[in-house]
Amino acid sequence: MKADKCEKSGNKYTPGPIGIFDSGYGGLTILDGIRRALPEYDYLYLGDNARAPYGTRSFDIVFDFTRQAVEELFSRGCHLVILACNTASAKALRSIQQQVLPTLYPERRVLGVIRPTVEKVGEISRSGHLGLLATPGTVRSHSYMLEIAKLHPDMQLTETECPMWVPLIETGEAMGPGADYFVKKYIDRTMAADPQIDTLLLGCTHYPILLPKIKAYAPEGVKVLAQGDIVGRSLADYLRRHPEMEAKCTKGGVTSYFTTENADIFNRLASLFTGDDVAASRITLS
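Residues numbered from 1 in each chain as written. Predicted model: local features only at pLDDT ≥ 70, side-chain atom pairs only at ≥ 80, totals over all residues. Heavy atoms only, no water.

A.B. asks: An account of the side chain of Asn49 is needed here, citing residue identities and associated values.
C.D. replies: Counting through the fold element by element, Asn49 comes out in the loop between strand S4 (43-47) and helix H2 (59-75). Other than its neighbours up to four places away in sequence, Asn49 contacts Ser23, Gly24, Tyr25, Thr259, Thr260, Glu261 and Phe266. (Helix = DSSP H or I, 4+ residues; strand = E, 2+ residues; numbered from the N terminus. Contact = heavy atoms within 4.5 Å.)

Next comes the structure, spelled out in structure tokens:
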């Protein structure tokens, strides 16, 4: 593992961008929500697209890959990194926070997307019955169920694996008629398991791309909760509560993109998520 070689000037660390990491493209929806809440900051987005998806990989492999990405972002000046990936948040965040940061990077921070989402549902659900639509890896980790049990012990969660949604999105078929079948299938399965569900959580950062279809097939009165704006507001609150970390984040309104995949491929697919032209640089993680 890399040691913390952050430059210091006296007792002050040189400020840097906020790091945003995802195994692929979905984290761009989180970046979008964060930039809406905090447009003045600089951001460095890293997608490990060459090794995606993470959802079917073991806890050990996801931890190794996520640690490599976090350390890469640290080496590029980030003091604060957001794991804009539900699988990385589920399988690697706690180990990084408890095992890596205290010994190697005590002045750095890594945050995830699951806890802010779970905190929010307490304000939204009236029935106390929730549905989670997520990748197989996130569902099988039961990370949402564990967080809900801690923060909202009276709530009930129904978890549904949606293995076809990410491939549909990344092949550009999210708006095509073929997506309707699989969107309806997984929502119907969730609601059949618990008809009292009044809130659906999108437990994958890709899924907001399917939001129009998800809302169309969700029963009337059922709310659909995407993560981008939630994480953005949560990060804004975090920086207000931690001025020592906020001071380490540069403010220029600039976003840089890195990928472990071919940059041209990344740029083309990333535009589906951002709606803008993206110019990424390719790097290698190890």
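A.B. asks: An account of the sheet that holds strand S3 (residues 18-22) is requested, with residue identities and associated values reported.
C.D. replies: Taken in spatial order, the six strands line up as S6-S5-S3-S4-S11-S12 in an open sheet, and their pairing is parallel. Looking at which strands have only one partner, the edges of the open sheet turn out to be strand S6 (109-111) and strand S12 (280-282). Here the strands of the sheet are splayed against their neighbours by 20° on average, with no regard to which way each runs. Lying over the sheet, helix H1 (residues 27-37) contacts S3, S4, strand S5 (80-83) and strand S11 (255-259), oriented at roughly 170° with respect to S4. Contacts from helix H4 (residues 93-104) reach S5 and S6, with the element oriented near 170° to S6. (Pairing = 2+ DSSP bridges. Axes fitted to C-alpha atoms, helices over the stretch in contact; angles between N-to-C directions.)

A.B. asks: Describe the pattern of salt bridges, naming the residues involved and giving the relevant values.
C.D. replies: What the rule picks out here adds up to 17 salt bridges. Here Glu71 ties to Arg67 by a salt bridge, and the two come within 3.2 Å at their closest N and O atoms. Remark: Arg67 and Glu71 occur in helix H2; sequence separation between them is four residues, near one turn of the helix. According to the relative accessible area criterion, Glu71 is buried, its value standing at 4%. Here Arg76 ties to Glu72 by a salt bridge, and the two come within 2.7 Å at their closest N and O atoms. (Salt bridge = Lys/Arg side-chain N within 4 Å of Asp/Glu carboxyl O. Buried < 20%, exposed > 50% of the residue type's maximum accessible area, 1.4 Å probe, protein only.)

A.B. asks: Describe the sheet that holds strand S8 (residues 156-161), with residues and values.
C.D. replies: Backbone hydrogen bonds are what pair the strands of a sheet, in a parallel or an antiparallel way. Read across the open sheet, the four strands follow the order S8-S7-S9-S10; overall the sheet is parallel. Edge positions in the open sheet fall to S8 and strand S10 (223-225), since each of these has one partner strand only. Between one strand and the next, the sheet's axes are offset by a mean angle of 25°, whatever the strand orientation. Note: strand S7 (residues 129-134) against strand S9 (residues 199-202), four bridges, orientation parallel. By the bridge assignment for S9, Leu130 is matched with Thr199.

A.B. asks: Any details on helix H13 (residues 263-274)? Residues and values, ideally.
C.D. replies: The first and last C-alpha atoms of H13 sit 15 Å apart over twelve residues, in line with the 16 Å expected at 1.5 Å per residue. As for H13, its buried residues are in contact with H1, S4, helix H8 (165-170), S11 and S12. Capping of H13 at its N-terminal end is provided by Asn262; its side-chain oxygen lies 2.9 Å from the backbone amide nitrogen of Asp264. Following H13 by one or two positions, Gly275 adopts a phi angle in the positive range, close to 75°. (Expected span 1.5 Å × (residues − 1). Polar contact = N/O pair within 3.5 Å; in protein donor to acceptor, adjacent residues only side chain to side chain.)

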